[in-house]
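Below are the chains, spelled out letter by letter.
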Amino acid sequence: MKKFWKVLLLLGLGCIVAGFLLAVILSIGFWDEIVRNRNYFSINEDNYWEFFEVRDYYKPNRRGESYTKEDANQSYFYEVPAGEQITELRFEFALGEVSVLPGDTFSVRVTDMFEGAISSEAKNGIWYIKDSLLKEGSVFSGYAPEIEITVPKDTLFEKVKIQVEAGDFYIDELLADSVELWLKAGRMKVDSLTARKSLTVENGVGEIIIYSLDGKNLSLDNGIGATTLYGSLTGNNKIDCGIGEVKLVLTNQKHSGFGYSVDCGIGTVTVDGTSYSGMARKSDYNRGEADFFELFCGIGRIEIELEN
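Residues numbered from 1 in each chain as written. Predicted model: local features only at pLDDT ≥ 70, side-chain atom pairs only at ≥ 80, totals over all residues. Heavy atoms only, no water.

**Q** What's the story with the pairing of strand 15 (residues 226-234) in this structure? I'm lost.
**A** Each regular strand displays side chains that alternate between the two surfaces of the sheet. Note: strand 13 (residues 207-216) against strand 15, 8 bridges, orientation parallel. Opposite D214, over in strand 15, you have S232 as the bridge partner. The pairing of strand 15 with strand 17 (residues 245-251) spans 6 bridges and is parallel. Note that in strand 17 the partner of T228 across the bridge is K247. (Pairing = 2+ DSSP bridges. Helix = DSSP H or I, 4+ residues; strand = E, 2+ residues; numbered from the N terminus.)

**Q** In this structure, what is going on with the nonpolar core? I would like to understand it.
**A** Burial of nonpolar side chains together is a common tendency in soluble globular proteins. Core analysis: the largest hydrophobic core is formed by 58 residues, its most contacted members being W127, I149 and L295. Considering each element in turn, this core owes the most residues, 5 residues, to strand 10 (residues 174-183). Apart from residues lying up to four places away in sequence, L295 is in contact with I239, Y260, S261, V262, D263, V269, V271, I302 and I304. (Core = buried A, V, L, I, M, F, W, Y, C linked by side-chain atoms within 4.5 Å. Buried < 20%, exposed > 50% of the residue type's maximum accessible area, 1.4 Å probe, protein only. Contact = heavy atoms within 4.5 Å.)

**Q** Can you help me understand unusual backbone geometry in this one?
**A** For N124, which is not a glycine, the phi torsion comes out positive at approximately 55°. Within the secondary structure, N124 is located in the loop between strand 5 (118-123) and strand 6 (126-131). Taking the relative accessible area as the measure of exposure, N124 reaches 69% and is therefore exposed. Phi at D272 is positive, roughly 50°, even though this residue is not glycine. Tracing the chain through its elements places D272 in the loop between strand 19 (268-271) and strand 20 (274-277). Overall, the relative accessible area of 38% leaves D272 in the partly exposed class.

**Q** Mind showing me how you'd approach a nonpolar patch on the surface here?
**A** Among the surface-exposed residues, I243, I266 and I299 lie close enough to one another that they form a single nonpolar patch of about 210 Å² accessible area. Relative to the elements of secondary structure, I299 occurs in the loop between strand 22 (291-297) and strand 23 (301-307). (Patch = residues over 30% accessible without salt bridge, like charges linked within 9 Å, V, L, I, M, F, W, Y side chains within 5 Å. Areas by Shrake-Rupley, 256 points an atom, 1.4 Å probe, with all protein chains shown as cover. Salt bridge = Lys/Arg side-chain N within 4 Å of Asp/Glu carboxyl O.)

**Q** Explain the packing of aromatic side chains here, please?
**A** The relative placement of two aromatic rings is captured by the distance of their centres and the angle of their planes. Under the definition given, this model contains 10 aromatic pairs. Ring geometry for F106 versus W127: centroids 5.7 Å apart, planes at 75°, classification edge-to-face. Of this pair, F106 sits in the loop between strand 3 (97-103) and strand 4 (107-113) while W127 sits in strand 6, and the two are 21 residues apart along the sequence. Under the relative-accessibility criterion, F106 is labelled buried at 11%. Pairing F258 with F293 gives two aromatic rings, centres 5.3 Å apart and planes at 45°, and the pair type is tilted. Remark: F293 occurs in strand 22 and F258 occurs in strand 18 (residues 258-264); sequence separation between them is 35 residues. F293 sits in the buried class, given a relative accessible area of 0%. Among the aromatic residues, ring-to-ring pairing joins F91, F93, F106, W127, F157 and F169 into one connected group. (Phe/Tyr/Trp six-rings, centres within 6.5 Å; stacked < 30°, edge-to-face > 60°.)

**Q** Can you help me understand the environment of R90 in this one?
**A** Looking at where R90 falls in the secondary structure, it is placed in strand 2 (residues 88-93). Considered as a pair, R90 and K159 are 69 residues apart in the sequence and their alpha carbons are 8.4 Å apart. When sequence neighbours within four positions are dropped, the list of residues in contact with R90 reads I126, W127, Y128, I129 and K161. Side chain to side chain, R90 and E88 meet in a polar contact 2.6 Å long. (Polar contact = N/O pair within 3.5 Å; in protein donor to acceptor, adjacent residues only side chain to side chain.)

Here it is as structure tokens:
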């Protein structure tokens with residue numbers, strides 16, 4: 001009987017959580033649709049302000065006039081002064097198509113955005129890039145902005161922190177001691193990532209894919225999105241999956257120093273072909289080893305494949 005009530009209680013809590021997350025998805029979904037269907041949201045100058053009924057909210061442009069569609073569809077270029085030593089990156093983006101590519105200098109080129117809606121500043125070795133799309137209304141121009149960032153190839157940073165509200169985010173290569181990646185909605189793809197000391201990944205309702213990973217001490221929090229990592233992870237790693245899916249394809253990890261623990265609700269955890277599922281299932285394997293993975297799974301799924 002106690003088991004029956006325990007199961008019933010967990011199912012009830014699961015329904016409450018699912019209802020809450022559904023409300024979050026619906027609220028965020030509108031912005032995600034703008035990114036994926038840019039042309040559909042085209043708005044002409046005649047109905048621009050009337051459509052959103054927020055004319056009084058936005059400040060005039062620098063000419064002292066009301067914003068027009070032409071103000072939004074501009075291109076801007078910012079470059080960190082030569083000789084500035086950059087040891088840390090801090091990027092915050094609300095919406096758009098963003099690419100981080102190798103280049104000769106630290107620079108950012110912006111297309112389809114209001115003048116002044118993005119700030120770029122290098123201070124005390126930290127390069128800050130931040131947009132105010134939702135605040136300035138650039139998204140309402142009918143086009144998601146395009147942002148291209150260049151970083152000198154093989155630059156090793158002390159810390160990198162990237163926060164994305166929604167949109168498409170692409171990174172060609174990133175090397176740092178500490179890396180933090182935060183995605184609320186949309187997509188994030190990284191072709192090559194090295195995090196020598198720590199790696200933090202948080203995914204709300206989006207999709208994150210990281211290739212050629214060389215990471216250590218991973219902290220992964222996956223809500224109802226999908227996160228996939230390919231590469232190597234060492235140290236103490238913690239993975240928490242709510243309703244979504246997490247997949248790790250780890251290379252060179254089949255050795256005696258690999259261990260993991262499983263704490264599973266009604267989801268499923270699979271490690272190298274061995275599956276764990278069922279109500280409140282807990283298991284340990286080689287606890288205390290040098291490379292250890294703590295796996296917490298609510299209603300979703302965690303899969304770890306080990307390759308030599």
